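# Architecture and fold: a report
Each chain, letter by letter, is given below.
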Amino acid sequence: MEKQKTITLITGADKGIGFETAKALAKADHTILVGARNAAKGIKAADAIMALGGEAEFIQLDVTKQDQIDAAAAQIKAEYGYLSILINNAGVALDHHQSASTMPVAVMRQDFDVNFFGLVAVTQAMIPLLKAADSARIINLASNMGSLGLASDPNSRFYKVNSLGYQASKAAVNFATISFAKELAPDGITVNSVNPGWTATGFGGRDESQPAIPGMQTPAEGATQVINLALTDSPATGTFTETEGTLPW
Ligand SMILES: NC(=O)c1ccc[n+]([C@@H]2O[C@H](COP(=O)([O-])OP(=O)(O)OC[C@H]3O[C@@H](n4cnc5c(N)ncnc54)[C@H](OP(=O)(O)O)[C@@H]3O)[C@@H](O)[C@H]2O)c1
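Residues numbered from 1 in each chain as written. Predicted model: local features only at pLDDT ≥ 70, side-chain atom pairs only at ≥ 80, totals over all residues. Heavy atoms only, no water.

### Structural notes on the overall build of the protein
- Looking only at helices and strands, one finds eight helices and eight strands in the protein.
- For the protein, the C-alpha radius of gyration of 17 Å lies close to 18 Å, the compact-globule estimate for 249 residues.
- Taking the principal axes of the C-alpha coordinates as reference, the protein spans close to 55 × 40 × 35 Å.
- The buried share of the protein, taken over its 249 residues, is 52%.
- For the protein, the share of sequence-separated contacts (at least 6 apart) that also reach a separation of at least 24 residues comes to 69%.
- Carbon together with sulfur atoms contributes 55% to the accessible area of the protein, which is approximately 11,900 Å² in total.
- Across the protein, the 18 positively charged side chains and the 24 negatively charged ones have centroids separated by 3 Å. (Helix = DSSP H or I, 4+ residues; strand = E, 2+ residues; numbered from the N terminus. Rg over C-alpha atoms; globule rule 2.2 N^0.38 Å. Buried < 20%, exposed > 50% of the residue type's maximum accessible area, 1.4 Å probe, protein only. Contact = heavy atoms within 4.5 Å. Areas by Shrake-Rupley, 256 points an atom, 1.4 Å probe, with all protein chains shown as cover. Lys, Arg positive; Asp, Glu negative; His and termini not counted. Charge placed at Lys NZ, Arg CZ, Asp CG, Glu CD.)

### Here we look at the nonpolar core
- Ranked by size, the top nonpolar core spans 44 residues in total, and within it Leu-9, Ile-76, Leu-83, Leu-86, Met-126 and Leu-130 carry the most contacts.
- Of all the secondary-structure elements, those providing two or more residues to this core are β1 (7-10), α3 (66-79), α4 (105-131) and α6 (164-184).
- If you tally residues by element for this core, the top one is α4, at eleven residues.
- Once residues lying within four places of it in the same chain are set aside, the contact partners of Ile-76 are Leu-9, Leu-33, Ile-59, Gly-81, Tyr-82, Leu-83, Met-126 and Leu-129.
- By size, the runner-up hydrophobic cluster in this structure holds 25 residues, among which are Ala-13, Ile-17, Leu-25 and Ala-230. (Core = buried A, V, L, I, M, F, W, Y, C linked by side-chain atoms within 4.5 Å.)

### As for unusual backbone geometry
- Of note, the phi angle at Asp-29 is positive, near 75 degrees, even though the residue is not glycine.
- For Asp-29, the position within the fold is in the loop between α1 (16-27) and β2 (31-36).
- On the basis of relative accessibility, which here comes to 56%, the residue Asp-29 falls in the exposed class.
- Located in the positive-phi region is His-96, a residue other than glycine, with phi close to 45 degrees.
- Tracing the sequence through the fold places His-96 in the loop between β4 (85-88) and α4.

Right under this line is the structure:
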């Protein structure tokens, strides 16, 4: 039987780690669906991938907008009939290390709207398409900052980190990974969380025109473990990893 073409949807693929992942997977012959909330940026990213010889298409997708999520699923169904890989990459960090006692709840809600509820809503909408593929996987961009194990370990450098909205939203992403991994295991769909590591993107409002702080990875380095999980032949399911290995939940 002929191998099915790999169709890969990446949310927030117009820049940063998502864009680097998109370029690398296009090179590995995936058809990339460039999810972006900003059409001009999404089209530019898809054009850049095609200019490199890859197959790519922009998909309008603000992960906080259910109508756009539903329209994206309908578009993928009409054009391809299935989805091979969903990479839930879109994310924000809006709380800027303010202490938990004074952090506005409204800001924490915004972190959760994109990082957790957006991820869950996109996943729910794409599950029928993933089930229609010969083989499918979901990769969730989590963070070492969302590890309860590291945050509660006095010997960890994350012990003193204080960003309740972002951290709790990424801990919730890990819970979504565990829940979906268990539910989708009988369908052969793997679901895993990845920590990309500290990466010099515009994330959290960082000024990208400034040189990277020592210790920061390039965006291409930040995409490494996501790419590994997308390309490995038989991934495990329900894991939380980075390039150096497994992380505590
Ligand atoms: N950079 C790091 O050090 C680091 C560390 C750990 C985890 N991560 C995780 O890695 C992922 C990618 O981050 P990055 O560093 O590549 O950041 P980035 O360059 O800021 O990219 C974030 C992407 O998410 C998109 N996005 C934000 N809100 C969205 C929404 N409502 N709907 C759809 N897309 C939305 C952004 O779109 P716009 O272009 O329109 O803003 C952008 O494409 C995030 O989930 C982040 O939490 C990053």
